[in-house]
Amino acid sequence: MADTDNLFEVRIVTPEREFYSGKASMLEFNTTEGEIGIYKHHIPLTTVIAPGIATITEEGGVKEAAIHSGFAEILGDKVTILAEIAEWPPEIDVDRAKAAEDRARERLEEKKEDLDVLRAEIALKKALVRQDIVAKNK
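Residues numbered from 1 in each chain as written. Predicted model: local features only at pLDDT ≥ 70, side-chain atom pairs only at ≥ 80, totals over all residues. Heavy atoms only, no water.

(A) Structural view of the pattern of salt bridges. One pass over the structure, following the stated rule, counts nine salt bridges. Glu 101 serves as the salt-bridge partner of Lys 98, at 3.4 Å between the closest nitrogen and oxygen. Of the two residues, Lys 98 and Glu 101 both sit in helix H1 (residues 94-110), three residues apart, roughly one turn of that helix. Judged by relative accessible area, Lys 98 falls into the partly exposed class, the value being 37%. Judged by relative accessible area, Glu 101 falls into the buried class, the value being 8%. For Arg 105, the salt bridge is made with Glu 101, and the minimal N-O distance between the two is 2.8 Å. In this pair, Arg 105 and Glu 101 are both assigned in helix H1, four residues apart and thus about one turn of the helix distant. For Arg 105, a relative accessible area of 36% corresponds to the partly exposed category. (Salt bridge = Lys/Arg side-chain N within 4 Å of Asp/Glu carboxyl O. Helix = DSSP H or I, 4+ residues; strand = E, 2+ residues; numbered from the N terminus. Buried < 20%, exposed > 50% of the residue type's maximum accessible area, 1.4 Å probe, protein only.)

Shown next, in the form of structure tokens:
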């Protein structure tokens, strides 16, 4: 019998659906302050999610998902992520992600006066994360 004492609840919710609900021994994702790794009994924390790959380590293996912005609430035995967008690798349209990358790079290179640089940089990061997770999971 596997040791389940180190498992904690993980929920990832988007506006469209409950993306993931299960038990994990470790959860890793990006925050605006950097990458964070969580085990059971982590100190309570609320943090802002940055676009990146979330790695969920379950008893049966590892799952990876693209998570794009949101908030995370970390409690001793439960983590809830409220994400703007969450995607499994098979759900990602790589051609669309590549086109989004090209558009974002073009905007950043043009440097128009009315350019929202932060928005263009976030769009670029999301496109790169999507392509990266698909490439890792081929």
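Once the structure has been displayed, the description carries forward.
(B) Quick peek at unusual backbone geometry. Of note, His 41 is a non-glycine position whose phi angle comes to about 75°, a positive value. Looking at the secondary structure, you find His 41 in the loop between strand E4 (34-38) and strand E5 (45-49). Phi is positive for Ser 69, which is not a glycine, with a value near 70°. With respect to the helices and strands, Ser 69 occurs in strand E7 (residues 61-75).

(C) Quick peek at a positive patch on the surface. Where like charges cluster on the molecular surface, the positive patch consists of Arg 96, Arg 103, Arg 107 and Arg 119. The element that contributes the greatest number of residues to the positive patch is H1, accounting for three residues. (Patch = residues over 30% accessible without salt bridge, like charges linked within 9 Å, V, L, I, M, F, W, Y side chains within 5 Å. Areas by Shrake-Rupley, 256 points an atom, 1.4 Å probe, with all protein chains shown as cover. Lys, Arg positive; Asp, Glu negative; His and termini not counted. Charge placed at Lys NZ, Arg CZ, Asp CG, Glu CD.)

(D) Molecular detail of the packing of aromatic side chains. Inspection of every chain in the model, using the stated rule, returns two aromatic pairs. Residues Phe 19 and Trp 88 carry aromatic rings whose centres are separated by 4.4 Å and whose planes lie at 20° to one another, so their mutual orientation is stacked. A residue pair is termed long-range when its members are at least 10 positions apart, and Phe 19 in strand E2 (residues 18-24) and Trp 88 in the loop between strand E8 (78-87) and H1 qualify at 69 residues. Residue Phe 19 shares its accessibility class with Trp 88, and that shared class is buried. When the ring of Tyr 20 is compared with that of Trp 88, the centres are 6.3 Å apart and the planes differ by 70°; the resulting orientation is edge-to-face. Here Tyr 20, found in strand E2, pairs with Trp 88, found in the loop between E8 and H1; they are 68 residues apart in sequence, far enough to count as distant. Residue classification places Tyr 20 among the buried residues on the basis of a relative accessible area of 4%. (Phe/Tyr/Trp six-rings, centres within 6.5 Å; stacked < 30°, edge-to-face > 60°.)

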